Amino acid sequence: MRISEIFTTIQGEGLLTGVPSLFIRVSGCNLRCVWCDTPYTSWQPEGEEMELAALLRHVEAEPVYRHIVLTGGEPMLFGEVVELTAALRAMDRHITVETAGTVWQPVECDLMSISPKLRNSTPWDREGGRYAASHERLRYRPDVLSRLVTEYDYQLKFVVTEPGDLEEIRKIASALHAKPERVLLMPEGISADRLHERAAWLVELCKENGYRFCPRLHVLLYGNRRGV
Ligand code: SF4
């Protein structure tokens, strides 16, 4: 599996915000979100192939970090992630898998952190729109989402760019019979100013719908940097 980075930090998003965590970021993605904040795993994927044993050595070297986050890119694209999560389970680690919910793998997982991609993610104008059609075809897989939500403890984390996104979110959450408190709305943005600006109206929409507001703590603490 190609790995773009391994680092320790606190979880910045979702139900486990603030928990010290070791992140393993896989390189490679089947989508091309226009606002992707890790383009080095999607638009211009980079990283080195790593064997399972080498990954586990990183985990063993950080015994304080009991929470392991597999992220990307799209970790569920890679069959090796099944073996990796089984090994992490044997090491008694808490496992979060961060996925867009378009691919199924029978992983071991304590929190399936699913971020379904809305219409606002489609790159119509980026790189001449050459990824737009495939992105649009792949980004929403209700069958995969339904299986993930049914078989795992989950959170549904949506990236919101404008109030109009709420209609699409309500439809997806309702089709999945998702508990409102497991639906997290996160402002799109990689600067504190942009996040504050969007948080002002997004919090109100959360209150109206019973959804959870999701800050991006790592951006607020460290800015838009890698490895934090
Ligand atoms: S699914 Fe995630 S990694 Fe892939 S393009 Fe979208 S934001 Fe980037």
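Note that the structure is predicted; figures quoted are calculated from it, not measured.

### Digging into the pairing of strand S5 (residues 94–99)
Where burial is concerned, most of S5 is hidden: five out of the six residues are buried. Here strand S4 (residues 67–71) pairs with S5 via four bridges, running parallel. Bridge pairing in S5 links Leu70 to Val97. For S5 and strand S6 (residues 111–114), the ladder comprises four bridges, and the chain directions are parallel. Of the residues in S6, the one forming a bridge with Glu98 is Ser113.

### Thoughts on empty space enclosed by the protein
Under the criterion given, the structure shown has one cavity of 30 Å³ or more. Forming the walls of the largest cavity are Gln11, Glu13, Gly14, Leu15, Leu16, Thr96, Glu98, Leu111, Ser113 and Gln155. Listing elements by their share of the lining of the largest cavity, those giving two or more residues are S5 and S6. A per-class count over the lining of the largest cavity returns three nonpolar, five polar and two charged.

### A word on the layout of surface pockets
In this approach, a probe sized like a water molecule rolls over the atoms, and the result shows the empty space that is left. One number sums up the size of the largest pocket: a volume of about 850 Å³. Elements with a minimum of two residues in the lining of the largest pocket: strand S1 (2–10), strand S2 (20–26), S5, strand S7 (154–160), strand S8 (183–187) and helix H7 (217–222). Looking at the lining of the largest pocket, the element that brings in the most residues is S1, giving four residues. For the lining of the largest pocket, a count of residues per class yields 16 nonpolar, 17 polar and 13 charged.

### Observations regarding helix H5 (residues 165–175)
Three or more residues of H5 are buried, namely Asp165, Leu166, Glu168, Ile169, Ile172 and Ala173. All buried residues of H5 project into a common sector of 160° when viewed along the axis, lining one side. Residues of H5 that are exposed and point over 90 degrees away from its buried face: Lys171 and Ala175. The secondary structure elements touched by the buried residues of H5 are helix H4 (142–151), S7, S8 and helix H6 (192–209).

### A short note on the state of the cysteines
Taken as a whole and assessed by the stated rule, the structure comprises zero disulfides. Considering cysteine sulfurs only, Cys214 is the nearest to Cys206, which forms no disulfide, with 9.1 Å between them. Among the residues examined, Cys206 registers a relative accessible area of 4% and is labelled buried. For Cys214, a relative accessible area of 1% translates into the label buried.

### Comments concerning the nonpolar core
Counting residues in hydrophobic clusters, the biggest one holds 46 residues, and the most contacted among them are Leu88, Met112, Leu156, Ile169, Val183 and Leu185. Beyond its immediate stretch of four places on either side in the chain, Met112 contacts Met76, Val97, Thr99, Val107, Leu148, Tyr152, Asp153, Tyr154 and Gln155. Counting eight residues, the second largest nonpolar core, distinct from the first, contains Cys33, Trp35, Leu184 and Cys214.

### Describing the sheet that holds S2
With mixed pairing, the nine strands of this open sheet are ordered in space as S3-S1-S2-S4-S5-S6-S7-S8-S9. With one partner strand each, in any of the chains shown, strand S3 (48–49) and strand S9 (212–213) form the two edges of the open sheet. One ladder, built from two bridges, connects S8 with S9; its direction is parallel. Looking across to S9, one finds that Leu184 is bridged to Arg212. Along the sheet face, H4 touches S5, S6 and S7 and points at about 150° away from the line of S6. Strands S7 and S8 of the sheet are contacted by H5, whose axis makes an angle of about 160° with S7.

### Quick word on unusual backbone geometry
Phi is mostly negative for residues that are not glycine, and the peptide bonds are mostly trans. Gly72 connects to Gly73 through a cis peptide bond whose omega is 5°. With respect to the helices and strands, Gly73 occurs in the loop between S4 and helix H2 (80–90). Backbone geometry at Asp92 places phi at a positive 65°, although glycine is not the residue there. Tracing the backbone through its elements, the reader meets Asp92 in the loop between H2 and S5. On the accessibility criterion, Asp92 (58% relative accessible area) is exposed. A positive phi angle, close to 50°, is found at Glu127, a residue other than glycine. Along the chain, Glu127 turns up in the loop between S6 and helix H3 (132–138).

Basis of the calculations
- Residues numbered from 1 in each chain as written.
- Predicted model: local features only at pLDDT ≥ 70, side-chain atom pairs only at ≥ 80, totals over all residues.
- Heavy atoms only, no water.
- Buried < 20%, exposed > 50% of the residue type's maximum accessible area, 1.4 Å probe, protein only.
- Helix = DSSP H or I, 4+ residues; strand = E, 2+ residues; numbered from the N terminus.
- Pairing = 2+ DSSP bridges.
- 1 Å grid on protein atoms, 1.4 Å probe; cavity = no way out; pocket = protein on both sides within 12 Å on 5 of 7 lines; lining within 4 Å.
- Points joined across faces, edges and corners; volume = space filled by probe spheres on them.
- Nonpolar A, V, L, I, M, F, W, Y, C, P; charged D, E, K, R; others polar.
- Arc of directions from axis to C-beta.
- Contact = heavy atoms within 4.5 Å.
- Disulfide = S-S within 2.5 Å.
- Core = buried A, V, L, I, M, F, W, Y, C linked by side-chain atoms within 4.5 Å.
- Axes fitted to C-alpha atoms, helices over the stretch in contact; angles between N-to-C directions.

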